[in-house]
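Listed below are the residues making up each chain.
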Amino acid sequence: MQVLVVGGGGREHALVWKIAQSPKVTKIYCAPGNAGIAGIATCVNIPADDIGGLKKFALDNGIGLTVVGPELPLTMGIVDSFEKDGLRIFGPNAAVARLEGSKQFAKEIMREAGIPTADFAIFTDAAAAKKYIREKQQPLVVKADGLAAGKGVFPCHTADEAVIAVDRIITQKEFGDAGSVVVIEDFLEGEEASFICFTDGTTVVPLPSSQDHKRIFDNDAGPNTGGMGAYSPAPVVTPEVHERAMETVMKPLVAAFAARGIPFKGIIYAGLMIQNGIPRVLEFNMRMGDPETQPILFRLESDLVELMEGAIDGRLAQIDVQCDPRPAVCVVMAAKGYPDKYDKGSAILGLDDAAQIPDTFVFHAGTALKDGCVVTSGGRVLGVTARGATIQDAVASAYGAVKRIGWDGVQYRKDIAQRAFGR
Ligand code: AMP
Ligand code: GLY
């Protein structure tokens, strides 16, 4: 079977790397891909949100399965569009992808299904939102409703900060239409984890737990990013928390869509805040996490293509997920300036040297080939991923490889997975 993977980040490199190990797969294309993906797949120069272009490519090239990495094409309806032409595609339809595309919709579904989440209110009017803020106990979190590349969320310590956030979203329209609605929710304390599952609309099959590192600097300082590193498993997801997340989040969510008669298949990624063993949902994503995918797929022993086809065909109840018990970690190496405006085009040195370290793999994110040389072309550039007998061993291997790689202005966190050390 020929597979098309949509996207070109670190998550997509990990997806392509894992899909290439499936005995079912004869050839992989990736649109648009990156310099690392080009080593295992044929990269096609079609942007991830060009649904018409991607569909034409899939039809013309006999693609047997399309796998969508990022959220934008999903919320734009790529799955509905491909299925209309009889193409097999792994991911949620637009009606389900709204869970990620609209925080208001996600909160309303959670309220309806009794899924634990922060209390909230919804506003389209700045004055009404500010009145609510002045009457509420702080801290609050102010969020733009729509997709904002992780930037539309403002944790606020004081009412004044929350009022400024409302103005940035509604009045100044910093996030365009994504900010025509704001969600204001109570601030939840605890430790975060990413809980990612496959579903076919009936059965929910969990992948190993993981934890992302959202802030740019060590000790969770500085602004939020797409994610500066991740590890799996996350010890905060104890067997009891896992069971609670399945029973109070995953199963009620799938049942809520079944009750509405909406077919639900693909990934459910719940961003959880866990306090005293109780998981509450911060957000739903309808795709794999980046960089969580890198350590998770490093540990997954099962055939990923079999899992994806099982979700499409409603056979997940018959599929068992096998995992390497050894922990894995991914350290993101980013360009100078990220998450703001960043440098591009720096030559990356040391990749061959880093590849010598056993049980380690360098996934590419924002990389490109220029005159036969790998150069930086995005904010997050590489995801250096390793496994080990213990999380400390995995971390030592990953940073061993990181130290062999360099370019002008490279930045990375030095404390990825340290939270897991003490457990
Ligand atoms: P979201 O995109 O909604 O997951 O928000 C991005 C990040 O903001 C999360 O990963 C949390 O670190 C933080 N966050 C979001 N909502 C809350 C909340 N209600 N309480 C505390 N932190 C939050
Ligand atoms: N790492 C966070 C995300 O993929 O949304």
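Residues numbered from 1 in each chain as written. Chains lettered and ligands numbered in written order. Predicted model: local features only at pLDDT ≥ 70, side-chain atom pairs only at ≥ 80, totals over all residues. Heavy atoms only, no water.

**Focus: the sheet that holds strand β16 (residues 266-275)**
Read across the open sheet, the four strands follow the order β11-β10-β16-β17; overall the sheet is antiparallel. This sheet does not close on itself; its edge strands, each paired only once, are β11 (204-206) and β17 (278-285). Sheet twist, expressed as the mean angle between neighbouring strand axes with direction ignored, is 35°. Here strand β10 (residues 191-199) runs beside β11; their pairing, made up of three bridges, is antiparallel. Residue pairing for β11: F198 is matched across the bridge by V205. (Pairing = 2+ DSSP bridges. Helix = DSSP H or I, 4+ residues; strand = E, 2+ residues; numbered from the N terminus. Axes fitted to C-alpha atoms, helices over the stretch in contact; angles between N-to-C directions.)

**Focus: the site of ligand 1**
Taken together, 14 residues lie near ligand 1, and K143, E185, L188, E192 and E283 sit nearest. K214 places a side-chain nitrogen or oxygen 3.1 Å from an oxygen atom of ligand 1. Within the contact set of ligand 1, an oxygen atom lies 2.9 Å away from a side-chain nitrogen or oxygen of E283. When the free accessible area of ligand 1 is taken as 470 Å², the share hidden by the protein chains comes to 92%. Among the elements of the structure, β7 (140-144), β9 (182-186) and β17 are those that each provide at least two residues to the shell around ligand 1. Among the residues making up the shell around ligand 1, the classes are represented as seven nonpolar, no polar and seven charged. (Near = heavy atom within 4 Å. Polar contact = N/O pair within 3.5 Å; in protein donor to acceptor, adjacent residues only side chain to side chain. Areas by Shrake-Rupley, 256 points an atom, 1.4 Å probe, with all protein chains shown as cover. Nonpolar A, V, L, I, M, F, W, Y, C, P; charged D, E, K, R; others polar.)

**Let's talk about the nonpolar core**
Counting residues in hydrophobic clusters, the biggest one holds 36 residues, and the most contacted among them are V5, I19, V67, F90, F198 and L304. When contributions to this core are tallied by element, the ones reaching two or more residues are β1 (2-7), α1 (10-19), β2 (27-32), β4 (65-68), β10, β16, α10 (293-299) and α11 (304-313). Examining the composition of this core, we find that six residues originate from one element, α11, more than from any other. The residues touching V5, leaving out its near neighbours within four places in the chain, are E12, V16, I19, I28, Y29, C30, A31 and V67. In terms of nonpolar packing, the next biggest core, distinct from the first, is built from 31 residues, M110, A193, M250 and F257 among them. (Core = buried A, V, L, I, M, F, W, Y, C linked by side-chain atoms within 4.5 Å. Buried < 20%, exposed > 50% of the residue type's maximum accessible area, 1.4 Å probe, protein only. Contact = heavy atoms within 4.5 Å.)

**Observations concerning the sheet that holds strand β3 (residues 42-43)**
Pairing is parallel across the open sheet formed by five strands, whose spatial order is β3-β2-β1-β4-β5. Each having just a single partner strand, β3 and β5 (89-90) make up the two edges of the open sheet. In terms of strand pairing, β4 meets β5 through two bridges, oriented parallel. When the bridges of β5 are listed, T66 appears paired with I89. Relative to the sheet, α1 contacts β1, β2 and β4, its axis offset from that of β1 by approximately 170°.

**Some remarks on the site of ligand 2**
Residues in contact with ligand 2, as listed here, are D212, G226, Y269, N285, R287, G289, D290, P291 and E292. Within the side chain of R287, a nitrogen or oxygen atom sits 2.8 Å from an oxygen atom of ligand 2. Protein chains shield 89% of the accessible area of ligand 2, which is 200 Å² for the free molecule. Looking at the shell around ligand 2 residue by residue, the classes come out as two nonpolar, three polar and four charged.

**Describing the packing of aromatic side chains**
One pass over the full model with this rule turns up 13 aromatic pairs. Ring centres of F298 and F363 lie 6.1 Å apart, and the angle between their planes is 80°; this geometry places the pair in the edge-to-face category. Remark: F363 occurs in strand β19 (residues 360-364) and F298 occurs in helix α10; sequence separation between them is 65 residues. Since its relative accessible area comes to 5%, F298 is described here as buried. Three or more aromatic residues link up through ring pairs in this structure, and these residues are W17, F298, F361 and F363. (Phe/Tyr/Trp six-rings, centres within 6.5 Å; stacked < 30°, edge-to-face > 60°.)

**Here we look at the state of the cysteines**
Counted under the stated rule, the structure contains zero disulfides. C43 supplies the cysteine sulfur nearest to C30, a cysteine that is in no disulfide, at a spacing of 5.6 Å. Not part of a disulfide, C323 finds its nearest cysteine sulfur in C197, a span of 12 Å. (Disulfide = S-S within 2.5 Å.)

**Focus on the pattern of salt bridges**
With the rule as written, the count across this model stands at 32 salt bridges. Here E112 makes a salt bridge to R260, at a shortest N to O gap of 2.5 Å. Of this pair, E112 sits in helix α6 (residues 103-113) while R260 sits in the loop between α9 (239-259) and β16; the two residues are 148 residues apart in sequence, bridging distant segments of the chain. Linked through salt bridges whose partners overlap, the residues forming this network are K24, R88, E306, E309, D313 and R315. (Salt bridge = Lys/Arg side-chain N within 4 Å of Asp/Glu carboxyl O.)

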